[in-house]
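Here's the letter readout for the chains.
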Amino acid sequence: MAKTELSRKTKTEIKASSSLKGTLASVFLLGFFLIITWVGVYLLFISRF
Amino acid sequence: MFNPSAKLKVDPRDAKLAMAHFFVAFTALAIGGLAGLLQTLVRSGKFELPAGIGYYQILTVHGVVLGLVLTTFFIMGFQLAATSKTSGTFTNKQRITGWIGFWLMTAGTVLAAVMILLNEATVLYTFYAPLQAHALYYIGLTLVIVGSWIDGAAIIMKYAEWRRKNPGQPSPLLTFMSLVNTMMWIVATIGVASTVLFQLLPWSLGFVETVNIGVSRTLFWYFGHPLVYFWLLPAYMAWYVVIPKVIGGKIFSDSLARLSFILFLLFSIPVGFHHQLMEPGIDPAWKFLQVILTFLVVIPSLMTAFSLFATFENFGRSKGATGLFGWVKKLPWGDARFVVPFIGMVAFIPAGAGGIVNASHQMNQVVHNTIWVTGHFHLTVATSVVLTFFGVSYWLIPHLTGRTLTKAMNKLGIIQAVIWSIGMTFMSGAMHAVGLLGAPRRSSYSEYGGAPQAAEWIPYQVAQAIGGSILFIGIILMIYIFINLAFFAPKGEQEFPVGEAADEAEKAPMVFENWKLWLGITVVLILFAYTIPFIDLIQNAPPGAKGYKLW
Amino acid sequence: MHMHKFEKAWLIFGIGSLLVFLTVLGVSAFYLGNQPPSCLATIDPEKVDTTVPFNEPGLKKVEGKDWDYELVYVASAFSYSPAEVEVPYGAKVKIIATTKDVVHGFEVAGSNINMMLEPGYISEHVTTFDKTGEYLIVCNEYCGVGHHMMSSKIKVVE
């Protein structure tokens, strides 16, 4: 019973403060990492015969 | 979502079936881990194998036992437990099906293992023809695959039963995900089963003299790429469904989780050519088409990354976190069930980046068959997937054996993951770096006749051995924890964490359960990507290749 | 099913990046001709030694082609023929290779020359050797007990 109440409480709180700006920043950092890696190897590719 | 069984424990009879899988899986971990340690030591140039044991024989053990046995047994055990937990206890018929699958897989494993130990099958786990192994090796691997189909049939039967009893309802998320992975596996393994049964087995038995190499390799890689997604999706199951519950948060979106799994089903298979980019006999336009399809399968992983970050942020903010990254501090950093898979998630960032490089058509020339590739899949499967499996074991094994994860074991689990991360940073990092310099994969120690380039590689190979040794300490710890949780941990109740969706009110669209549609599209995509190049490989085939035993 | 606006932004950015990658690769491959080695020609693996050009492995000057030289390799367990070759700096060379037995790799370490050699198939790669030095060729596909001993050498000389 206590558990159910707890989860209900969590849910309302999530709704009250559902900012995802940290998530947006995180995935964009991830995206930039993918791009840097790819561009890095591509530069290696075009520098070699 | 109404889920009558959400509070139930996995039935002890189903628990026994799942545990049987885990015993084989962790035995494989011990053997394969030892083989891996020996390989890195040999390749450092400071150590030689005793008693005439061959490097490539050990390498075959490592690949078969970890790449095929550990993964398949763990995944099947986990999916059976997850299905039993979320869709209800298996019927006797379903459970017997599972046991038949288990014993077939085990018999096949033993058969293949014996042939490897007799040095009759030193062909690595990819067994590329025309290297010819003993027929019993191929039969052993076939039994593993067929056993996994029968294991999977138990999951399909349970799903069908659930849908019959709950008309118009979306299936429980973990059951849905287990089912998607099982179906993808069955569609994919048709390729490897075909080349083994119709090409390699008759050829190794002497019924036919030669084999069509291009066709065999294409059938293998039709299976080979979905194989890696078969490893990854159970980790995604844990990330999407289990981790939110462990941290005390919610699944970000039930529907988007289902959508990403459907995308994996569709795009995991028609992409095998990105493993054959350097091969003759395949038109580059068809290679490029499959490169495009490979890039499409990145999309569900991009979605997954967002969902996971969002789950963490929502949870942290519900606990009063502020600022851009304040929520990170609110996560349960003392809980092995969270921390261990979390390290796996982090590892998937460089792993995914490397994967995009590998699949990039002509750019593959930089890395193809260099040890960069070995470094890559030791991040994907040997870190992201395996650490997630370890993190799952910490609650699933005690749940199934009626024991609990003690504080001491929890702490040891975190230490294990930290050791793993350090070891893998050394080993995989060195592999990536020296791979870019050109060092080949799957090769014993060699100075290549004193070539200056090969001399540059040796310090990196020493770093790999240091990493490999640290990783082996991690394996010993893991085996110790497994034995503790299976036999010695205190009796008690350990929760099987199944998350609830934040968007629970929003029912998942029923179209996700329309398998005629999804399997239909899967087949269409496969036919589109493979039919013409495959016919080319048959029509323009060179004379077949005779078998060789060069070890 | 709805999607958060940040997730839409992320997917547009992510998919957009993938499209840029594919465009760069596609232009390089189909317009500039940097395709991965994908030769469609075949050969009888039993008759490699008597089939032109594999009857005479090594470097040969050619006239009237898009490249100045042809460099022919025959691979077999566990060696390449020729074992060593000198290529003039700046030469445009077509490498033509095949195998007499099992699958081998053909990788010139530190370069983009990297191709699979499969019995019955011919593999080709055209490149300009625009850096001097000694380059190691390694077999990068497991071919048997002597796999790690299988190598050759290219010296790019002024």
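About the criteria used
Residues numbered from 1 in each chain as written. Chains lettered and ligands numbered in written order. Predicted model: local features only at pLDDT ≥ 70, side-chain atom pairs only at ≥ 80, totals over all residues. Heavy atoms only, no water. Helix = DSSP H or I, 4+ residues; strand = E, 2+ residues; numbered from the N terminus. Areas by Shrake-Rupley, 256 points an atom, 1.4 Å probe, with all protein chains shown as cover. Contact = heavy atoms within 4.5 Å. Buried area = accessible area lost by both parts, 1.4 Å probe. Salt bridge = Lys/Arg side-chain N within 4 Å of Asp/Glu carboxyl O. Polar contact = N/O pair within 3.5 Å; in protein donor to acceptor, adjacent residues only side chain to side chain. Nonpolar A, V, L, I, M, F, W, Y, C, P; charged D, E, K, R; others polar. Core = buried A, V, L, I, M, F, W, Y, C linked by side-chain atoms within 4.5 Å. Buried < 20%, exposed > 50% of the residue type's maximum accessible area, 1.4 Å probe, protein only. Domains from an automatic or database assignment. Patch = residues over 30% accessible without salt bridge, like charges linked within 9 Å, V, L, I, M, F, W, Y side chains within 5 Å. pLDDT = per-residue confidence, 0-100.

1. Overview of the overall build of chain A
When helices and strands are counted, chain A shows 2 helices and 0 strands. Just so you have it, chain A exposes about 3000 Å², and 72% of that area is on carbon and sulfur atoms.

2. Some details on the interface of chain A and chain C
If you look at the interface, chain A gives 16 residues, while chain C gives 21 residues. In total, about 1700 Å² of surface goes out of reach between chain A and chain C, with carbon and sulfur atoms giving 76% of it. Inspection of the chain A/chain C interface yields 0 salt bridges. Seen at the junction of chain A and chain C, the total is 5 residue pairs in polar contact (both at pLDDT 80 or more). Taken together, the residues that form the side of chain A that touches chain C break down as 12 nonpolar, 2 polar and 2 charged.

3. A look at the nonpolar core
Counting 255 residues, the largest nonpolar core has B:F22, B:Y137 and C:I154 as the members making the most contacts within it. Examining the composition of this core, we find that 24 residues originate from one element, helix α6 (residues 213–247) of chain B, more than from any other. The residue makeup of this core includes at least three contributed by each of domain 1 (1–34) and domain 2 (45–157) of chain C. Among the nonpolar cores identified, the runner-up in size contains 8 residues, and C:C39, C:I43, C:V48 and C:F54 belong to it.

4. What about unusual backbone geometry?
Negative phi characterises most residues that are not glycine, and trans characterises most peptide bonds. Note that the residue after B:A129, namely B:P130, is joined by a cis bond; omega there is 10 degrees. Following the sequence through the fold, B:P130 ends up in the loop between α3 (92–117) and α4 (135–165). For the peptide bond that leads from C:S81 to C:P82, omega is 5 degrees, which places it in the cis range. With respect to the element layout, C:P82 can be found in the loop between β3 (79–81) and β4 (84–88). Of note in the backbone geometry, B:L124 takes a positive phi value of approximately 65 degrees without being a glycine. Mapping B:L124 onto the fold places it in the loop between α3 and α4. With a phi close to 55 degrees, B:N369 is a non-glycine residue in the positive phi region. Relative to the helices and strands, B:N369 is located in the loop between α11 (364–367) and α12 (371–401).

5. Details of a nonpolar patch on the surface
A cluster of nonpolar side chains, A:L29, A:F32, A:I36, B:L324, B:F325, B:V328 and B:W333, forms an exposed patch at the surface whose accessible area comes to about 650 Å². Considering the arrangement of structural elements, one finds A:I36 in helix α2 (residues 21–47).

6. Quick word on the confidence of the model for chain A
In the predicted model, chain A carries a mean pLDDT of 77, and the fraction of residues at 70 or more is 65%. In the predicted structure, residues 1–17 of chain A sits below a pLDDT of 50 and forms 13 contacts with residues beyond four places in sequence or in another chain.

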